[in-house]
Amino acid sequence: MNGWTAAATVLLGGGLGTALWGVTTGPLRRRVVAQNLSTALACPGLLLLSQAYGRPSYVDLGLVLALLGPVGTLVFARLLADELAEDPPRARGATWTVAGLGAVAVIALCVATGPSRAMVKLLVIGALLISGNLLASRALSGGFGGGSHG
């Protein structure tokens, strides 16, 4: 086991375990936030595993997850808008923490990769991951036009 595998294990084990608990229990507002954060945690985990095992195909999976994860959350936000308006999620701290973890993972991987096309791909994935997570979290908390923001 190398450092990349250990980091991926901690991220996936701790983060996704907590997110799984949040998705399976509690009120709707906690379940949708946990679903959003689970995709934001799984993507850096895949990127770390890609480096650990030397498998570039895992980076492609991370790219797909960075694109489709926030889209899925936006679909949930739209379909559950009435229920979420009654008790909107407030997960600003968790959202920024997960965004920070994603940024740290992407920066560490960029340093390890060095200047190349692979590094540009990692930077694009990181930008998509972080901006998508923040956008989806904002949509869950009431959107951009009105409502409670948190």
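The structure displayed is predicted, hence computed values, not measured ones. Residue indices follow the written sequence of each chain, beginning from 1 at its first position. Residues qualify for local features only when their pLDDT is at least 70, as the model is predicted, and side-chain atom pairs are given and counted only at 80 or more; totals for whole chains, interfaces and linings, by contrast, use all residues. The side-chain values count all of the structure's non-hydrogen atoms but skip hydrogen atoms and water molecules.

Observations concerning the overall build of the protein
Let me state the cut-off plainly: Numbering goes from the N terminus for both helices and strands, where a helix is a DSSP run of H or I of at least four residues and a strand is a run of E of at least two. Within these notes, the globule rule equals 2.2 Å times the number of residues to the 0.38 power, and the radius of gyration is based on C-alpha atoms. Exposed residues in this analysis have more than 50% of their type's maximum accessible area, buried residues have under 20%, and partly exposed residues fall in between, with area computed by a 1.4 Å probe over protein chains only. Reported accessibility uses the Shrake-Rupley method at a 1.4 Å probe radius. Residues are deemed covered only where the shown protein chains occlude them. In this tally Asp and Glu are treated as negative and Lys and Arg as positive; neither His nor the chain ends contributes. We put the charge of a Lys on NZ, of an Arg on CZ, of an Asp on CG and of a Glu on CD.
Looking only at helices and strands, the protein features six helices and zero strands. Reading the secondary structure of the protein in the N-to-C direction produces α-α-α-α-α-α. In terms of overall dimensions, the protein is globule-like: its C-alpha atoms have a radius of gyration of 16 Å, near the 15 Å expected for 150 residues. The C-alpha extent of the protein, read off along each of the three principal axes, is 45 × 30 × 20 Å. Within the span of the protein, comprising 150 residues, buried residues form 37% of the whole. Carbon and sulfur atoms make up 68% of the accessible area of the protein, which totals about 7,800 Å². Of the side-chain charges in the protein, 10 are positive and 5 negative, and the distance between the mean point of each set is 12 Å.

A closer look at a nonpolar patch on the surface
Quick note on the threshold: Each patch is built from salt-bridge-free residues with over 30% relative accessible area, joining like charges within 9 Å and nonpolar side chains (Val, Leu, Ile, Met, Phe, Trp, Tyr) within 5 Å. One speaks of a salt bridge when a side-chain nitrogen belonging to Lys or Arg is within 4 Å of a carboxyl oxygen belonging to Asp or Glu.
Side chains of Val 64, Leu 67 and Leu 68 sit close together on the surface and give an oily, nonpolar patch of about 270 Å² of accessible area. Its location among the elements puts Leu 67 in helix H3 (residues 57-79).

Focus: helix H1 (residues 3-24)
Filter applied, for reference: Expected span, for any helix, means 1.5 Å times one less than how many residues it has. Whether two residues are in contact is decided by their heavy atoms, any of which lying within 4.5 Å being enough. Under the rule applied, a polar contact is a pair of N or O atoms within 3.5 Å (in protein, one hydrogen donor and one hydrogen acceptor; residues adjacent in sequence only if both atoms are side-chain atoms).
Here H1 spans 31 Å end to end across 22 residues, near enough to the 32 Å set by a 1.5 Å rise per residue. What H1 keeps buried is the set Thr 5, Ala 8, Leu 11, Gly 15, Ala 19 and Gly 22. Of the surrounding elements, those touching the buried residues of H1 are helix H2 (28-53) and helix H5 (92-113). Measuring from the backbone nitrogen of Trp 4 back to the side-chain oxygen at the start of H1 gives 3.1 Å, which picks out Asn 2 as the cap.

Section: the pattern of salt bridges
Per the stated rule, a full pass over the model turns up one salt bridge. Of the charged contacts in the structure, one is a salt bridge between Lys 121 and Asp 60, with a shortest N-O distance of 2.3 Å. In this pair, Lys 121 sits in helix H6 (residues 117-140) while Asp 60 sits in helix H3, placing the two residues 61 residues apart along the sequence. Among the residues examined, Asp 60 registers a relative accessible area of 35% and is labelled partly exposed.

Notes on the state of the cysteines
Condition: The disulfide criterion used throughout: a pair of cysteine sulfur atoms within 2.5 Å.
For the coordinates displayed, the defined rule picks out zero disulfides. No disulfide involves Cys 43; its sulfur sits 12 Å from that of Cys 110, the nearest cysteine. Overall, Cys 43 belongs to the buried group, its relative accessible area being 0%. Judged by its relative accessible area of 8%, Cys 110 is buried.

Keep in mind these values describe shape, not function.
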